[in-house]
Amino acid sequence: MDEADTKLRKAGGRLCCICNQRRAALKRPKTLEQICRECFYEVFEEEIHQVIVDNQLFKPGERIAIGASGGKDSTVLAYVLSELNQRHNYGLDLFLLSVDEGITGYRDDSLETVKRNEMQYGLPLKIVSYKDLYGWTMDEIVKMIGLKNNCTFCGVFRRQALDRGASLLKVDKLATGHNADDIAETVLLNILRGDIARLSRCTSITTGEDGPIPRCKPFKYTYEKEIMFTYAYFKRLDYFSTECIYSPNAYRGFAREFIKDLERIRPRAILDIIKSGENFRIATSTKMPEQGTCERCGYISSQKWCKACVLLEGLNRGLPKLGIGRNKGLNNDRKKDAKQTSGAKSIESKQCGTLDF
Ligand code: SF4
């Protein structure tokens, strides 16, 4: 034990178990190691870099949109990606892409955060709004349908809005801030719902390669606690943390609490659930939806009309329940595909801004 170590221990502190020089400032949630801030920043960023490299998430020269809600995940993603892009010469053109759902008192405030991030990180920002794309804000939709099923509309519209925004930006890929907790939560939810089609793809780090814009999740193995309570907090990043005023989603909330309980007992549980999801083998007899395009708007769809068009038709006709649950009527002639209950796919069905994109 050297002199610095002895002094530190006398002062009641512990040395960082990585550098063995500085005082440990935190217990790392993922591994429970006692480490200093500097070493934490380094391992946190380098682990993400390794995930990007190992999974070949990006190619030099690509244009990448970062789904930015102003929440902690997407704010940390924007910050870390721009750091790594410079440090490791990824050669990427990065953009921020936000969706304005039209939720007064929530999204308008969080978009102010994204606008500040645009200046802070020097990343160009594009905002697409439900009002422009669909003619409806979420405030207007909730006024018509109430607080039941509002997240179905919002989730389906958001997925398509992100694709449309990404195509306006002419990007090659969309990076989202889904973290390890989100993915473990989605594995669990898909098991609870018996949704085999989604279970098979919800752990994929890149999805939508057959669609208009592939999506990737650089935080697939990054713990929420490390993003929010540690990295964002110590780095003093500017993010928005208020919940959506229309947020119900008790079922997902239950799955989240369950995972948090498991994590308290055994932090590795999150990674193990993801690993279990990755190792599921889907029986070849399981019928998967066939991808086609929506006859109305041309968007990717396994039915005659995509889910967004069905929901929109219901709203415009004053029959908002038309597209909820199993489709009747509008997609009848392709009823065999009606088992697919939502146009929102896999982990992207994570539906809200408090959960980020
Ligand atoms: Fe949309 Fe999320 Fe709010 Fe639901 S909770 S209305 S999905 S922003």
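Shown above is the structure to which this text applies.
Residues numbered from 1 in each chain as written. Predicted model: local features only at pLDDT ≥ 70, side-chain atom pairs only at ≥ 80, totals over all residues. Heavy atoms only, no water.

### Side note on the overall build of the protein
Check the secondary structure of the protein and you find 13 helices and 10 strands. Here the protein holds 357 residues, and 55% of them are scored as buried. Within the protein, residue pairs in contact and separated by at least 24 positions form 71% of the contacts whose partners lie at least 6 positions apart. (Helix = DSSP H or I, 4+ residues; strand = E, 2+ residues; numbered from the N terminus. Buried < 20%, exposed > 50% of the residue type's maximum accessible area, 1.4 Å probe, protein only. Contact = heavy atoms within 4.5 Å.)

### What to know about the packing of aromatic side chains
Using the criterion set out here, one finds 13 aromatic pairs in the structure. When the centroid spacing of 4.3 Å and the interplanar angle of 20° are considered together, the rings of Tyr134 and Phe157 count as stacked. In this pair, Tyr134 sits in helix 5 (residues 130–134) while Phe157 sits in helix 7 (residues 150–168), placing the two residues 23 residues apart along the sequence. Relative accessible area serves as the criterion here: at 6%, Tyr134 is assigned to the buried category. Cluster of aromatic residues (ring-pair linked, three or more members): Phe40, Tyr41, Phe44, Tyr79, Tyr121 and Tyr231. (Phe/Tyr/Trp six-rings, centres within 6.5 Å; stacked < 30°, edge-to-face > 60°.)

### Re helix 7
Between the first and last C-alpha of helix 7 there are 27 Å, a value that for 19 residues agrees with the 27 Å anticipated at 1.5 Å per step. Among the residues trailing helix 7, Lys170 stands out with phi positive, at a value near 55°. (Expected span 1.5 Å × (residues − 1).)

### Some remarks on the pairing of strand 5 (residues 125–129)
Inspection of the sheet shows strand 4 (residues 93–100) paired to strand 5 by five bridges, in the parallel sense. Note on strand 5: the bridge partner recorded for Val99 is Val128. Handedness of the crossover joining strand 4 and strand 5 through helix 4 (residues 107–121): right-handed. (Pairing = 2+ DSSP bridges. Right-handed = clockwise from strand over helix to strand, strands pointing away.)

### Thoughts on the pattern of salt bridges
Evaluated as defined, the whole model comprises 29 salt bridges. The partner of Arg22 in a salt bridge is Glu38, with the nearest N and O atoms 3.5 Å apart. With a gap of 16 residues between them, Arg22 in the loop between helix 1 (3–10) and strand 1 (26–27) and Glu38 in helix 2 (residues 37–54) connect regions that are remote in the sequence. Judged by its relative accessible area of 34%, Arg22 falls in the partly exposed class. Close ionic contact of Lys235 with Glu45 constitutes a salt bridge, the shortest N to O distance being 4.0 Å. Pair noted here: Lys235 is in the loop between helix 10 (224–234) and helix 11 (250–265) and Glu45 is in helix 2, with a separation of 190 residues, a long-range link. Overall, Lys235 belongs to the partly exposed group, its relative accessible area being 25%. Overall, Glu45 belongs to the buried group, its relative accessible area being 5%. Here the residues in one salt-bridge network are Glu45, Glu46, Glu83, Arg87 and Lys235, joined through shared partners. (Salt bridge = Lys/Arg side-chain N within 4 Å of Asp/Glu carboxyl O.)

### Re the packing of helix 7 against helix 13 (residues 307–316)
The interhelical angle for the contact between helix 7 and helix 13, taken along N-to-C directions, is 130°, at an axis separation of 9 Å. Put simply, helix 7 runs oblique to helix 13. In this structure, helix 7 meets helix 13 at a crossing whose hand is left-handed. For the pair helix 7 and helix 13, the contacting residues are Thr152, Phe153, Val156, Phe157 and Gln160 in the first and Lys307, Ala308, Leu311, Leu312 and Leu315 in the second. Its residues placed into classes, the contact of helix 7 with helix 13 shows seven nonpolar, two polar and one charged. (Axes fitted to C-alpha atoms, helices over the stretch in contact; angles between N-to-C directions. Parallel < 35°, antiparallel > 145°, perpendicular 65-115°, else oblique. Left-handed = near helix turned anticlockwise from the far one by under 90°. Nonpolar A, V, L, I, M, F, W, Y, C, P; charged D, E, K, R; others polar.)

### Observations concerning the sheet that holds strand 4
Spatially, 5-4-3-6-8-7 is the arrangement adopted by the six strands of the open sheet, whose pairing is mixed. With one partner strand each, in any of the chains shown, strand 5 and strand 7 (206–207) form the two edges of the open sheet. Lying over the sheet, helix 3 (residues 72–87) contacts strand 3 (63–67), strand 4 and strand 6 (173–175), oriented at roughly 155° with respect to strand 3. Sheet contacts for helix 4: strand 4 and strand 5; angle to strand 4, the most-contacted strand, approximately 165°.

### Quick word on the nonpolar core
Where a protein is soluble and globular, its nonpolar side chains tend to be buried together. Ranked by size, the top nonpolar core spans 41 residues in total, and within it Phe58, Val76 and Tyr231 carry the most contacts. Going through the elements one at a time, helix 2, strand 3, helix 3, strand 4, helix 4 and helix 10 are the ones with two or more residues in this core. Leaving out residues up to four positions away in the same chain, Tyr231 has contacts with Phe40, Tyr41, Phe44, Glu45, Val76, Tyr79, Val80, Glu226 and Leu237. Ala65, Trp136, Met138 and Tyr246 belong to the second largest nonpolar core, which has 39 residues in total. (Core = buried A, V, L, I, M, F, W, Y, C linked by side-chain atoms within 4.5 Å.)

### Looking at helix 3
For helix 3, which comprises 16 residues, the first-to-last C-alpha distance of 22 Å matches the rise-based estimate of 22 Å (1.5 Å per residue) to within 8%. Within helix 3, 13 of the 16 residues are buried, which leaves it mostly tucked inside the rest of the structure. One or two positions beyond helix 3, positive phi appears at Asn89, with a value near 50°.

### Quick notes on unusual backbone geometry
Excluding glycine, residues mostly have negative phi values, and the peptide bonds linking residues are mostly trans. One non-glycine residue, Gln56, lies in the positive phi region at around 45°. On the secondary structure map, Gln56 appears in the loop between helix 2 and strand 3. The exposure class of Gln56 is exposed, given its relative accessible area of 65%. If you check the backbone angles, Arg236 has positive phi at about 55° while not being a glycine. Note on placement: Arg236 falls in the loop between helix 10 and helix 11.

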